[in-house]
Amino acid sequence: KVRSFLPPPDISAVMGAIEDVLDRSIAAQGYVIQERGDGFGRVDLSQIDFEALQKVFQRGRKRTEAERLRALVGQKLQAMVALNRSRVDFVAKFQQMIDEYNAGSMNVDEFFRQLVEFARQLSDEEKRAVSENLTEEELALFDVLTKPDPILTKAEEAMVKRVAKALLEKLKAEKLVYEWRKRQQSRAAVRLWIEHALEALPRSYTPEIFEKKCERTYEHVFNSYYGEVGGVYAQAS
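Residues numbered from 1 in each chain as written. Predicted model: local features only at pLDDT ≥ 70, side-chain atom pairs only at ≥ 80, totals over all residues. Heavy atoms only, no water.

Enquirer: Go over the packing of aromatic side chains with me, naming the residues and quoting the values.
Expert: Inspection of every chain in the model, using the stated rule, returns eight aromatic pairs. Geometrically, the ring pair formed by Phe-94 and Phe-118 is stacked, given 5.4 Å between the ring centres and 15° between the ring planes. Placement of the pair is Phe-94 in helix 4 (residues 88–102) and Phe-118 in helix 5 (residues 108–126), with a sequence separation of 24 residues. Here Trp-180 and Phe-222 contribute two aromatic rings whose centre-to-centre distance is 5.8 Å and whose plane-to-plane angle is 80°, an arrangement assigned as edge-to-face. Pair noted here: Trp-180 is in the loop between helix 8 (154–175) and helix 9 (184–198) and Phe-222 is in helix 10 (residues 207–224), with a separation of 42 residues, a long-range link. Of the aromatic side chains, those joined through ring pairs into one cluster are Phe-90, Phe-94 and Phe-118. (Phe/Tyr/Trp six-rings, centres within 6.5 Å; stacked < 30°, edge-to-face > 60°. Helix = DSSP H or I, 4+ residues; strand = E, 2+ residues; numbered from the N terminus.)

Enquirer: Tell me about the pattern of salt bridges, and please be specific about residues and values.
Expert: One pass over the structure, following the stated rule, counts 18 salt bridges. Here Asp-143 ties to Lys-147 by a salt bridge, and the two come within 3.9 Å at their closest N and O atoms. Look at Asp-143 and you get buried, because its relative accessible area is 1%. Classification of Lys-147 as partly exposed rests on a relative accessible area of 34%. Put simply, Glu-174 and Lys-170 hold a salt bridge, and the shortest N to O gap is 2.8 Å. Linking Glu-174 with Lys-170, this pair stays in helix 8, spanning four residues, or about one helical turn. The class for Glu-174 is partly exposed, based on a relative accessible area of 47%. For Lys-170, a relative accessible area of 24% puts it in the partly exposed group. Each member of the salt-bridge network shares a partner with another, and the members are Arg-87, Glu-125, Arg-128, Glu-136, Asp-143 and Lys-147. (Salt bridge = Lys/Arg side-chain N within 4 Å of Asp/Glu carboxyl O. Buried < 20%, exposed > 50% of the residue type's maximum accessible area, 1.4 Å probe, protein only.)

Okay, structure coming up:
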């Protein structure tokens, strides 16, 4: 059983969620990003013994085991994208993998192999915040400010990180008041502070790029910070 290779604290919740997914027969459905993840998204993919999982796959019911892993990876990806929308490229890759399998373009062995490789990539992505010395929400804002442009030096990346940290600290402490999204004055104050804070970005940010980053940053804040001060990040903590 796949459950033997998942982190012990999460076994029952994870396997129950997978069984529920299988019971609803979602194998042929497209992958849909939901507004936020749930406890299932907290599964640590790095704790899965993929070599042992491969052995289980080879001696078990291959299609069932592949669907179990697909459900696990899909739910994990869903939670990760809710925290950082720059990960949508992973969604496109995941959807393509599912479409090719459903269309018969790859057999179950190749599908499982690609799922395992994809799960490893997600595990590496999940560790990126630590390697960048950022929190998950700081990383999300950093990605907004750096993807897909401009091209930055290491020194400029460090500047952007400082800007992202300072911006979030100010917003959360003073600007993201209760139900701020419903009040025009509060929304305007958030937008104005974003523009002010981003003025500290490196010179690599041309006026055109700067305007685009101001807009994308406001959209990110508006979509991510609602209800409780932490928004989607409060749900993930």
